[in-house]
Amino acid sequence: MAPKRVIAHLDCDAFYATVELLKRPDLKGKPLIVAGSGPRSVVTTASYEARKFGVGSAMPASQARRLCPTAVVIPPDFTAYREKSREVWTIVRSRLEAVQGMGIDEAYADLTGVEKPLRVLRELVEQVKKDTGVQISVGVGPNRLIAKCCSDLGKPAGFVAMGREEACIRFAAAPTRRLPGIGPKTAERLAEMGYVTVAQLQEADEAQLAARFGDRWARYLKARATFHDDSPVETESGAAKSVSTERTFDTDVETHDEQEKILRALARELCENLQAKRRQGRTVAIKVRLADWTTVTRAKTLDGSTNDVELVTETAVALLRAYAPPQPVRLLGVRLAGFDDVEPDKPPAPVAPVGQLMLPV
DNA sequence: TCTGGGGTCCTAGGACCC
DNA sequence: TCTGGGGTCCTAGGACCC
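Bear in mind the structure is a predicted one, so any value in this text is a computation, not a measurement.

Parameters at a glance
- Residues numbered from 1 in each chain as written.
- Chains lettered and ligands numbered in written order.
- Predicted model: local features only at pLDDT ≥ 70, side-chain atom pairs only at ≥ 80, totals over all residues.
- Heavy atoms only, no water.
- Domains from an automatic or database assignment.
- Contact = heavy atoms within 4.5 Å.
- Salt bridge = Lys/Arg side-chain N within 4 Å of Asp/Glu carboxyl O.
- Polar contact = N/O pair within 3.5 Å; in protein donor to acceptor, adjacent residues only side chain to side chain.
- Nonpolar A, V, L, I, M, F, W, Y, C, P; charged D, E, K, R; others polar.
- UniProt positions renumbered as here; feature names shortened; annotations may be inferred.
- Helix = DSSP H or I, 4+ residues; strand = E, 2+ residues; numbered from the N terminus.
- Pairing = 2+ DSSP bridges.
- Axes fitted to C-alpha atoms, helices over the stretch in contact; angles between N-to-C directions.

## Thoughts on the domain arrangement of chain A
So, step 1. We note that the domain assignment places domain 1 (7-13 + 79-166), domain 2 (15-77), domain 3 (175-225) and domain 4 (242-339) within chain A.
So, step 2. Here domain 1 and domain 3 have C-alpha centroids that lie 28 Å from each other.
So, step 3. Listed by partner, the interface residues are five residues for domain 1 and four residues for domain 3.
So, step 4. Connecting domain 1 to domain 3 are zero salt bridges.
So, step 5. Our count for the contact surface shared by domain 1 and domain 3 stands at zero residue pairs in polar contact (both at pLDDT 80 or more).
So, step 6. Here the side of domain 1 that touches domain 3 is composed, by residue class, of three nonpolar, no polar and two charged.

## Details of the UniProt feature "domain: UmuC" (unreviewed entry) in chain A
So, step 1. The feature "domain: UmuC" (unreviewed entry), as annotated in UniProt, sits at residues 7-183 in this numbering.
So, step 2. The straight-line gap between the two end C-alpha atoms of residues 7-183 is 23 Å; of that span, 41% is helix and 20% is strand.

## Some words on the sheet that holds strand 9 (residues 242-253)
So, step 1. Pairing is antiparallel across the open sheet formed by four strands, whose spatial order is 9-12-10-11. A single partner strand is all that each edge strand has here, and the edge strands are strand 9 and strand 11 (295-306). Put simply, the sheet's adjacent strands are angled 15° from each other on average, direction ignored.
So, step 2. Pairing analysis gives nine bridges linking strand 10 (residues 281-290) to strand 12 (residues 329-339), with the strands arranged antiparallel. Paired with Val-284 across the bridge in strand 12 is Leu-336.

Here you go:
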């Protein structure tokens, strides 16, 4: 029988704000908001002082300023965040075997079979704090779902561990939205059916859920509510499956001529990025967001893979012309997918050893 | 008071081939 | 003349996550 899994979720507290405070210690204790300066920017991170005013991630910056007029607003410095992130996860990986990074400021680790896993984690958190100034909150459980919910529970500087049955009880009164995988739309639909809390979803009739969401989703939702999750911690991350560049404009762009000009610049930016990464893709796609927030995508798959500025640009422009946006445009984007190149920094695909026959399956 | 930028995965329909 | 089913590829949209 397989040993009981021990999964940890490690999450940096208010990561961007923390990095800014390390650069500017004089701001310590003040409410701090990391957000762009444009009229349509959103909050990327708020310090805990700012959160007391109701400021949260993904909130329009204009709203955040109104909620907390005394806050110091700093534009994001992604270069600094990437650098600090590298420091943090280098330490974590030096101490733990199986780590799966999830974006810049969090990761899962599989500590199954590790002696005294909680002690190992506590010492790790302490070292990261001492060496980098970054505070990590930790959640531990028998699977990723419980680990994730637990790291959230103790923030900031949290350290929470529990088993599945305890999780079912401790999160019973929480809204379903608290479960990762249940977003605003699904939570809304569940609420319409009378399932507002995790406990209610635990007791929900699966056949009734299936009628509304389909078999697969129904099973998934029940599994989430009862904290069943056997998804593995994936150590190999792999290269991105698509790469895109997009921009929201301070004011909507009205003429097709101007839209085209912007799209060309975006296509160039994307191709230069891909050339640096030595990646080529077959599918060129554009994204157009209209003034009324309608979002449209159009894609074309080419015969061969490319990252050529001319080819990608002309394909993207042709897609835009065919669509001919019927309203002013607030966002334009270009994306390349369908990569069939060798992943960077990896040896070529293995071939059959000499003397071994490749048999048709 | 409006709503960023970078991704992933899933679904569903149509084309096309065997 | 009519009737299949399966598999793959492509496109578009939607939900979700950090």
